[in-house]
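This is what each chain is made of:
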Amino acid sequence: MQEDLTDNDYQDLPQDNLGFVGNNDQLVGVDYENVSTGGKTGEPSPTIRKIIRWLVYTAAFLVPLFFSSLVYDNLEFNKQILLIVISGIGLVLYLIDVIKSGVLSWRPSRFYLPIVGLVLAGIISVIFSVSRFSSLFGNASTRSFSFISLASLAVLFFLATNVIEDKGKALKNIISVSLILALVYGVLQIMGIYLFKGVFASRAFNSINSINALAVLAALSLAIFSNKGTMTVSDDWQRWATKGLRYLGFLLALFVIILVNWWVVWAISFCVISASVAFSSAVGTSSHKNSKMILFAVPMAVIVLGILLMLVHFNWTSLKSKFPVEVAPSQRTSWQIARSSIKSKPMGIGLENFSIAYDKWRPAAIANSVFYQLQFTEAGSEAANMAIEGGIPMLLVLLFLLGSYGQSLMSQIHKGFNLDKSNPGFWAASLGILVAIFLYPLNLTMITLLILFLALHSLEMTKKVNVVNLESNAKYSFVGSLSFIVGLVVVLVAGYFTVNNYISNIYLAKAAATKDHNKAVSLYVESVNADPNDDRILRLLSQEVLAQLGDDLKSGLKKNETRDVYNSRIQNEVASAVNISLRATNVDPADSNNWVNRAIVYQNLINLVSGADSAAINMYNEALSRNPNDPSSYFGIANIYLTVSDILRKNITSQQNTSQANAIKSQINTDLSKAEQNFQKAISLYNNFGQALFNLAVVYDREGRLPEAVKQFEKLQAANPSDPSLAFQLGLLYYRNNQKDNALAAWQRAVFLFPDYSNARWYLSLIYEERGDLANALIQVQAIQKLNPNNNLVQQRLAQLQAGKRTIPPEKVLDKKPL
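Cut-offs and rules
Residues numbered from 1 in each chain as written. Predicted model: local features only at pLDDT ≥ 70, side-chain atom pairs only at ≥ 80, totals over all residues. Heavy atoms only, no water. Phe/Tyr/Trp six-rings, centres within 6.5 Å; stacked < 30°, edge-to-face > 60°. Helix = DSSP H or I, 4+ residues; strand = E, 2+ residues; numbered from the N terminus. Buried < 20%, exposed > 50% of the residue type's maximum accessible area, 1.4 Å probe, protein only. Lys NZ or Arg CZ within 6 Å of the ring centre and 35° of its normal. Expected span 1.5 Å × (residues − 1). Axes fitted to C-alpha atoms, helices over the stretch in contact; angles between N-to-C directions. Parallel < 35°, antiparallel > 145°, perpendicular 65-115°, else oblique. Left-handed = near helix turned anticlockwise from the far one by under 90°. Contact = heavy atoms within 4.5 Å. Core = buried A, V, L, I, M, F, W, Y, C linked by side-chain atoms within 4.5 Å. Salt bridge = Lys/Arg side-chain N within 4 Å of Asp/Glu carboxyl O. Patch = residues over 30% accessible without salt bridge, like charges linked within 9 Å, V, L, I, M, F, W, Y side chains within 5 Å. Areas by Shrake-Rupley, 256 points an atom, 1.4 Å probe, with all protein chains shown as cover. Pairing = 2+ DSSP bridges. Nonpolar A, V, L, I, M, F, W, Y, C, P; charged D, E, K, R; others polar.

**Section: the packing of aromatic side chains**
Scanning the entire structure with this criterion turns up 37 aromatic pairs. Their ring planes at 85° and their centres at 6.4 Å tell us that Y185 and F205 sit as a pair that is edge-to-face. In this pair, Y185 is assigned in helix 7 (residues 169-190) and F205 in the loop between helix 7 and helix 8 (211-225), connecting sequence segments 20 residues apart. Using a relative accessible area of 7% as the deciding quantity, one classes Y185 as buried. Classification of F205 as buried rests on a relative accessible area of 11%. An aromatic cluster is defined as three or more aromatic residues linked by ring pairs; in this entry it consists of F728, Y735, W747, F754, Y757 and Y763. Over the aromatic face of W762 sits the side chain of R797, whose NZ or CZ is 5.6 Å from the ring centroid.

What follows is the structure, given as structure tokens:
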């Protein structure tokens, strides 16, 4: 029977056991404890390995906690930057160590191929992506599955698997402490106790992401904090401290889960806590210890509590009412979009491009809801995201990862998890993340934890190290040198773009924070110069230039400015707004938002630039080709036709030529007809589109179809019974349609809903006067006078009614303009 070696035995092993047996044996599997890490030539540098190890520990500790106010995207972007920096430095140091020692060593792992598969599937997705820049770096708050994130995580896995020497004991402690701190900070935020000011002083903010994301993390943490062997220490006082921390983490996690009380979170909780019990039992059975019923007490209590709270629909209203509601496409909708996406783009639409797929294939039923203007950036689950963004290759890699994980898990169960009490909790947590992939979109914290958990499992499963002596063969030396050069170039290129993206995001944060249009434009320009491929910044810049143009048109000439200089400045701003919006569509032509933004720019220039109306309509049609179920684009087209008809109506009085006037009238009728058609299309997609219903009534009014206009407003009022402005407008239409009793009732309702509504009281006083009820007319004007004490028109009418004079009739109610 073979006996286990002791620490002293390791030191006595001959040097040949390192794998350097002559020049013919280059690749040898040895016990990883047997590999010396001294600083001699031909051996890895202990200093470099220690630095890399601490880089891994830093990533493990900071990713769940890291955020910053320096940049606009203050959460996921910061975590991504952290991972890129740590992985890049770690990789360069590892390659330097390999070149310096002439030795390449690595621990075998069943998870190498799935993780490399993720990276390769990511490369395929980028190649076929409809927006490559987004796929490479991510955008806004969605960066967890960008290619650079996947590559950084793959490097992190490799480094963690190959530089950690204590089977992951320190890494487990670091992860546990980090999760506890993340939960502590999250709960403090929930309770309204803010450690940081500014944008972070919000109950809805935490270092993970949304409240639901924090709850999912809490569910995963249950497996770790319910396991007695999670945090391994040597001293008695440290055992007591870690025991207290573990209890704290468990209670905080349970608090967040109960607060959210969502079936997805409970499902993950039941999964991880049941797995933790089962896996701990496997350790107990193998070691003939810890197989007591007490193992089941706490988990069973949590499961029973969860079932009870879901059955009674427990809702902690006093706290939950203070949080924004998190919405996402349903699982059914997500997979419907996935099926359509795979049929059209089997290789994927591109990493982090779910929003584009959502626009193109979302069901029309979503447009007919309050979410019609929302563009979701993630599916209801990460599995659906992977199917849509990575296509068939990414789904195959996911299945491969699940298969590799299942094989490894069964092997560890058979071995009793190496009789290590800390292992079951982390295996249960990683299983929980794999389950969560099918229930919830994962953020960068969760994916990083999965990678670190897989690295821990690799450390547990093998004691061997594969070693290649690169200097024993010219072929190996060449490959090693080439790998170093390629790795260094890749890191430098990634670093260059990362630094520029970070600088751009800093300027973006400053631009968004300022209210000075001139200063904001300057900052947005700096942001674009640093990162010219972010179409979001270009959209914001174009809108800021429009706002600046509006201010300059209102203010007119500056002091000592000539008319020519002023006109030149206005023309430059017009050209800038157009060119910037054009540049956004060039950067990312697949995103309907860029075409809508360009349409809005042209729409705002209708009175300034000839042909802007046609250009705007064309842009809206481009947006509809990418987002066919968007009622907003039809609404925009209809508004343009309505605006143009109003402009023509103003010009018709200046036409002395009868034929020209008739041509203009014909064009007005055509524009009103097209406006009507597009408003109806918008309403058919979203039947409670208030502004479209309102504007359609305006079109009917312009066409002289008052009964239809009245019906439209009656629909609006039925859908919005508490809106006084609708009651007021309906009263005007009723009066024009000779429904004077209804007009009186509508204006009375407007005043009842909003007693300070001066215009409603004004027309109410006029209709009372028309009816000969001067007393009630006077009451209304007296109320108006209190609200508008310095209004001369009100003063005149007050004096007239107090004198008992009646002017209506012969004057007409609608001849009186609003106040």
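**A look at the environment of Q667**
Turning to its location among the elements, Q667 is positioned in helix 26 (residues 658-685). A relative accessible area of 37% places Q667 in the partly exposed class.

**Overview of helix 3 (residues 76-101)**
If you check helix 3, its first and last C-alpha atoms are 37 Å apart, about what 26 residues at 1.5 Å a residue would give, namely 38 Å. Burial runs high along helix 3: 20 of the 26 residues are buried.

**Focus on helix 31 (residues 758-770)**
Here helix 31 spans 18 Å end to end across 13 residues, near enough to the 18 Å set by a 1.5 Å rise per residue. With respect to burial, helix 31 is a largely interior element, 13 of its 13 residues being buried. Count one or two residues on from helix 31 and you reach G772, which has phi positive near 85°.

**A short note on the packing of helix 25 (residues 631-652) against helix 27 (residues 690-702)**
Close contact between helix 25 and helix 27 brings their axes to 11 Å; oriented N to C, the two are set at 30°. Taken together, the axes of helix 25 and helix 27 lie roughly parallel to each other. Seen along the crossing, helix 25 lies across helix 27 with a hand that is left-handed. Contacts from F635, N639, L642, D646 and R649 of helix 25 reach helix 27 at Q691, A692, N695, V698, V699 and R702.

**Looking at the nonpolar core**
Membership of the largest hydrophobic core comes to 118 residues, with the highest contact counts inside it found for I175, I190, I268 and F453. It is helix 8 that contributes the most residues to this core, 13 residues altogether. Residues contacting F453, with those up to four places away along its chain left out, are I175, I224, F426, A429, S430 and I433. Of all hydrophobic cores here, the second largest spans 101 residues; its members include W595, L605, Y641 and L798.

**Structural notes on the pattern of salt bridges**
One pass over the full model with this rule turns up 19 salt bridges. K172 is the salt-bridge partner of E460, the closest N and O atoms lying 3.6 Å from each other. Separated by 288 residues along the polypeptide, E460 in helix 18 (residues 444-461) and K172 in helix 7 bring together distant segments of the chain. Here K172 falls in the buried class, since its relative accessible area comes to 1%. A salt bridge links R649 to D646, with the nearest nitrogen and oxygen atoms 3.2 Å apart. Of this pair, R649 and D646 both sit in helix 25, three residues apart, which is roughly one turn of that helix.

**A word on the environment of A520**
As for its placement among the helices and strands, A520 is situated in helix 20 (residues 517-530). The exposure class of A520 is buried, given its relative accessible area of 1%. Linking A520 and K510, residues 10 residues apart in sequence, is a C-alpha distance of 7.8 Å. In this view, A520 contacts A511, T514 and E544; residues no more than four positions away in its chain are not counted.

**Observations regarding a nonpolar patch on the surface**
Taken together, the side chains of V116, L120, I123, I127, F128 and M347 present a nonpolar region at the surface, about 500 Å² in accessible area. Positionally, I123 belongs in helix 4 (residues 112-127). Looking at I123, the relative accessible area reads 35%, which means it is partly exposed.

**As for the pairing of strand 3 (residues 464-469)**
Burial of strand 3 is extensive: five of the six residues sit out of reach of the surface. Note: strand 2 (residues 103-106) against strand 3, four bridges, orientation antiparallel. Counterpart to W106 in the pairing with strand 3 is N466.

**Remarks on the packing of helix 17 (residues 423-436) against helix 18**
The interhelical angle for the contact between helix 17 and helix 18, taken along N-to-C directions, is 140°, at an axis separation of 9 Å. Here helix 17 lies oblique to helix 18, going by the angle between them. Considering the relative orientation of helix 17 and helix 18, their crossing is left-handed. Here helix 17 contributes N423, F426, W427, A429, S430, I433 and L434 to the contact with helix 18, which in turn contributes M446, L449, L450, F453, L456, H457, E460 and M461. Tallied by class, residues from the contact of helix 17 with helix 18 come to 11 nonpolar, three polar and one charged.

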